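Single-letter residue listing:
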Amino acid sequence: MASLSRALRGIAATRPRQSPARGWGLRPLVSGPGPTSEKSVPYQRTLKEAEDASAAAQGPSQPLPGTASVVVIGGGSLGCQTLYHLAKLGVSGAVLLERERLTSGTTWHTAGLLWQLRPSDVEVELLAHTRQVVSRELEEETGLHTGWIQNGGLFIASSQQRLDEYKRLMSLGRVYGIESHVLSPGETKALYPLMNVEDLYGTLYVPHDGTMDPAGTCTSLARAATTRGAQIIENCPVTGIRVRTDDFGVRRVAAVETEHGSIRTPCVINCAGVWARAVGRMAGVNVPLVAMHHAYVVTERIEGIQVAMLSVSGPMCKMGLLVTGHSGRCEDEEVAQLQPENMPNVRDHDASVYLRLQGDALSVGGYETNPIFCEEVSDEFAFGLFDLDWDVFTQHIEGAINRVPVLEKTGIKSTVCGPESFTPDHKPLMGEAPELRGFFLGCGFNSAGMMLGGGCGQQLAYWIVHGRPEKDMHSYDIRRFHRSLTGHGRWIRERSHEAYAKNYSVVFPHDEPLAGRNMRTGPLHEELRARGCVFQERHGWERPGWFSAQGPAPVLPYDYCGAYGHRAREDYAYGRLLGQEYTFSFPPHHDVIKKECLACRGAAAVFDMSYFGKFFLVGPDARKAADWLFSADVSRPPGSTVYTCMLNHRGGTESDLTVSRLAPGPQASPLAPAFEGDGYYLAVGGAAAQHNWSHIRTVLQDRKFRCQLIDSSEDLGLISVQGPASRAVLQELLEADLSDDAFPFSTHKLVRAAGHLVRAVRLSFVGELGWELHAPRPSCLPVYQALMTAGAKHGLVNAGYRAIDSLSIEKGYRHWHADLRADDSPLEAGLAFTCKLKSSVPFLGREALEKQRAEGLRRRLVGFTVDEKVSMFGLEAIWRNGQVVGHVRRADFGFTINKTLAYGYIRDPSGGPVSLDFVKSGDYALERMGVTHAAQAHLKSPFDPDNKRVKGVY
Ligand SMILES: Cc1cc2nc3c(=O)[nH]c(=O)nc-3n(C[C@H](O)[C@H](O)[C@H](O)COP(=O)(O)OP(=O)(O)OC[C@H]3O[C@@H](n4cnc5c(N)ncnc54)[C@H](O)[C@@H]3O)c2cc1C
């Protein structure tokens, strides 16, 4: 058997190594369609071996029922977890259909690693749930051991930045009670004697991480689900999805078809792994994922790899050595409790490899820059694997040998290379498809479908039973992608490639993708680019991030990191600017953003916000629909504009937006459709446009409101002018009186601007006097140019979203999906003023808010300022009187108050309501990368708390 180093040398000898720019020769993007051979995976048991191989030929393992409440398609990690959680929620009549046998797709050969810490609060919660299911719940319920091994996890930092990233995770972990320790190289060596620590800055050790077993997990899930009444039918491929159109013209799932009969059902969950695209096609639903080869190799036995440490729970000591994070000395009685344990799994992000303990050996895998795409994986593929392509895999060997040098002399026992699904942002695809009611996605798990399976299965089940998930699942919800992108092959492929290749990269706050750009550009795109705009990508749109004085930095076509024969970009201004901001300190462009912010506060700034979603809600029932959908009273006289939330039935905030009431008119124009009855113009944050669109449509369909929702996002631009000089600038352009009496705050009018008809809305995102101009696309450029000419003498500058982020947090305005989410109520978020609770008008979420108000708020959003000059970006732990009471959701620097600001929800550790007195009476500190910084709590924005500036009072 070849050793790892011989494999490496063999390849080096046969293929001269070329520059990274050219890669190792041309590689076709697409590989063969099916499995090339079968290999053995390193598990003691797979379900293939556990059952009769001839069963497949015998047809379905059970007769099909005629109807089902829910049909889950696919019996891998996700299908089994979802079925189990449906059964646990009491859903009767749920059926899982598996084409072959359980686990036969990707799940059977997984590496099964579970890490508890990720840079997202929701992901930490999802992972915690999976861990609880496999380490405790299933065993208690079924008496079966799932195969869970708690051997701990060790993250390797070869740079200060990497260690900073881990310290951020450690601070977040503190909020959730996840034990973790930053270890020095010496301490790491004591823990993992076979490790090379010469080049280390340090490590993060998480003792309760571990390893899942696919067969054991899925067998236990199946047992628990069927005991609760769910049905699992194997050897039964789904061949079609029948769709019906209801009386309201809405397409809904009607039945699932198989060669052995059909099952009538209103609800299908697509958990078909890499085959999810094909299942989606059966229903006319786009499933934006690609299948790629993903691999690890299993070594032969390694002397001394298995047992290497002793630990106690809580503060950790090992071999009498005190480690960082321990608050006191290692006492004798603690030493007496020391237990021998398995060596932890290792994630060496900088080398892009992981090392999983595999009995007395290691499994070595990772993420390459040139992964092999599979166009389609054959329907016949079951318990199959591909031949490992050593040209692709070799890059992991160097890293693995560097980290654990004994690998150089260790043989390879087997290779495991299978198909796995990857998505454009390396996050799963979940939730109801916008194209078809009753068709849910539970796929696209980006090599994390074991560890995320429990948390995601639970959320999917909740979603189906209650209409929305319990947690904020927006990052996984299919509605995070605009519908124009989910069927766009090039975009899916490019973005999925980049996300895969960057999977182990440090997650920096201001990073942007280089792949799949320029998909949606606004009317000012060329003009702003020429003026030095550095764009950000959101929802496929290019929106201005900030403006560089160094001239244009255009976003160029994707270079696939130089893989597949593409030429890697060497002198790429945009890439260079992004790279300069790879820091957890204040970024080098901090002062540029400062200038934009201070110009807005001192004179005026123009923001191109054309990426906003712009919808019209019109028709006979539009008023009824608006009353129900919006938490605020938006049915004020035409000409009014109202900031409001949209809620779900639990009182969580699905969106915040502005709604402008329109006067009815028979004449259609780009600025308003012709309509009878009532009409509203909705402006929503561009990154959440599809989410809003789908939410509103779903509510209209469910309540059968007779009205139209019209999407004009591409047809209209949005130019916002903000700042004390905005009135003077705009008065030169607009044929309208802009005085407070004639054009008060929160109103809108159709007016002429530089000869073009626009809708001017007096509003502010940044806490200043200002107007938004909503203009037909062709009018945007001439209006903008006239604006810049008129504004020159008033100090008008271009500014981008980085400035908006800073200005808006300084003013205390919320950002949806940051400090305001689907799991936060407006009462908790300090937005009670957006809720018409004093009226008797029913609205979606009202009952939940009333209950919450009666019971008292269990958590509350609080703003903090920090006097020390430290950068913060979110996820920092919030300490109150020496106890952790929450974490920061959103943080930024406020240039006018010259302080870091942070917002987060706090709880009372005693479990009681969080009163205003509780907030005011605490001593606070924010923990950033393991270091605490004193903070002041604010219940009102520290900047312009009396809201004078938006009213034009300076
Ligand atoms: C090499 C490798 C290492 C990995 N390591 C890890 C790890 O360490 N940790 C981790 O969390 N994840 C890891 N993963 C990823 C993880 O294994 C997957 O994300 C997970 O198994 C996917 O589960 P699934 O249920 O989505 O898909 P699958 O397991 O593929 O299940 C889909 C099922 O759908 C069935 N199906 C398809 N079409 C139909 C149809 N028409 N009708 C009926 N049934 C159908 C298939 O037969 C299959 O059984 C790894 C993956 C690979 C390849």
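Residues numbered from 1 in each chain as written. Predicted model: local features only at pLDDT ≥ 70, side-chain atom pairs only at ≥ 80, totals over all residues. Heavy atoms only, no water.

**Observations concerning the site of the ligand**
Where we set the bar: Each residue is tested against the molecule or strand, and it is near if at least one of its non-hydrogen atoms lies within 4 Å. What qualifies as a polar contact is a pair of N or O atoms within 3.5 Å, subject to a donor-acceptor requirement within protein and to the restriction that residues adjacent in sequence count only when both atoms come from side chains. Using a 1.4 Å probe, accessible areas were evaluated by the Shrake-Rupley method; residue-level cover was limited to the displayed protein chains. Strands are runs of DSSP state E lasting at least two residues, helices are runs of H or I lasting at least four, and both sets are numbered from the N terminus onward. All amino acids are sorted into three groups, where Ala, Val, Leu, Ile, Met, Phe, Trp, Tyr, Cys and Pro are nonpolar, Asp, Glu, Lys and Arg are charged, and the leftover types, Gly among them, are polar.
The immediate surroundings of the ligand are formed by 36 residues, with Glu98, Thr107, Leu113, Glu420 and Met451 found nearest. Between the ligand and Gly105 there is a distance of 3.4 Å, counted from an oxygen atom to a backbone nitrogen or oxygen. Met451 is positioned with one of its backbone polar atoms (N or O) 2.8 Å from an oxygen atom of the ligand. Coverage of the ligand by the protein amounts to 98% of the 1000 Å² it exposes when considered alone. Contributing elements (two or more residues each) for the shell around the ligand: α3 (77-88) and β13 (290-299). The greatest single-element share of the shell around the ligand, amounting to three residues, is contributed by β13. By residue class, the composition of the shell around the ligand is 18 nonpolar, 15 polar and three charged.

**Details of the domain arrangement of the protein**
Where we set the bar: Residue ranges for the domains trace back to a domain assignment, done automatically or taken from a database. Note on contacts: a residue pair is in contact if any heavy atoms of the two residues lie within 4.5 Å. Defined in terms of a 1.4 Å probe, buried area is the accessible area two parts forfeit on being brought together, summed over both.
The assigned domain composition of the protein is domain 1 (489-588), domain 2 (613-712 + 825-852) and domain 3 (856-954). The gap between the C-alpha centroids of domain 2 and domain 3 is 30 Å. Each partner contributes residues to the interface: domain 2 has four residues there, and domain 3 has six residues. Both faces combined, the contact of domain 2 with domain 3 buries some 470 Å², and carbon together with sulfur accounts for 48% of it.

**Examining helix α4 (residues 121-142)**
The line we're drawing: Residue count minus one, scaled by 1.5 Å, sets the expected span of a helix. Bend angle per residue: angle between axes fitted to the 7 residues ending at that residue and the 7 residues starting there.
The end-to-end C-alpha distance of α4, which contains 22 residues, comes to 30 Å, matching closely the 32 Å that a straight helix rising 1.5 Å per residue would cover. If you look at α4, its biggest bend is around 45°, right at Val133. Two or three places before Val122, at the start of α4, stands the capping residue Ser120, its side-chain oxygen 3.4 Å from that residue's backbone nitrogen. Residue Gly143 follows α4 closely and has a positive phi angle near 75°.

**Brief notes about the pairing of strand β23 (residues 429-432)**
Operational definition: A pair of strands is labelled paired if DSSP reports no fewer than 2 bridges between them.
Of the strand pairs in this sheet, β23 and strand β24 (residues 439-443) are connected by four bridges, and their pairing is antiparallel. Looking at the pairing, Met430 lines up with Gly442 of β24. Between β23 and β24, which follow one another and run antiparallel, lie six residues, and Gly438 among them has a positive phi close to 85°.

**Points about the sheet that holds strand β32 (residues 678-684)**
Filter applied, for reference: Angles run from 0 to 180 degrees between N-to-C directions of axes, and those axes are lines fitted to C-alpha atoms, restricted for helices to the stretch in contact.
One open sheet accounts for five strands, arranged β30-β31-β32-β29-β33; its pairing is antiparallel. The strands lining the two open edges of the sheet, one partner per strand, are β30 (641-647) and β33 (708-711). Averaged over neighbouring strand pairs, the angle between their axes works out to 30° when direction is ignored. Where strand β31 (residues 653-662) lies against β32, six bridges are found, and the strand directions are antiparallel. Across the sheet, Arg661 pairs through a bridge with Tyr680, a residue of β32. Its contacts with the sheet place helix α16 (residues 622-629) against β29 (613-619), β30 and β32, and it is angled at close to 130° to β29. Here helix α17 (residues 689-703) sits on the sheet in contact with β29, β30, β31, β32 and β33, set at roughly 165° to β33.

**Topic: the packing of aromatic side chains**
Defined as follows: A pair of Phe, Tyr and Trp rings is counted when the ring centres sit within 6.5 Å of each other, with Trp represented by its six-membered ring. The angle between the planes then sorts it: under 30 degrees is stacked, over 60 is edge-to-face, the rest tilted. By definition, being over a ring means that NZ of Lys or CZ of Arg is both within 6 Å of the ring centre and within 35 degrees of the ring normal.
Scanning the entire structure with this criterion turns up 26 aromatic pairs. Grouping aromatic residues by their ring pairs yields a cluster made of Tyr367, Phe422, Tyr500 and Tyr504. One cation-aromatic arrangement involves Arg569 over Tyr572; the distance from NZ or CZ to the ring centre is 5.5 Å. One cation-aromatic arrangement involves Arg601 over Phe943; the distance from NZ or CZ to the ring centre is 3.9 Å.

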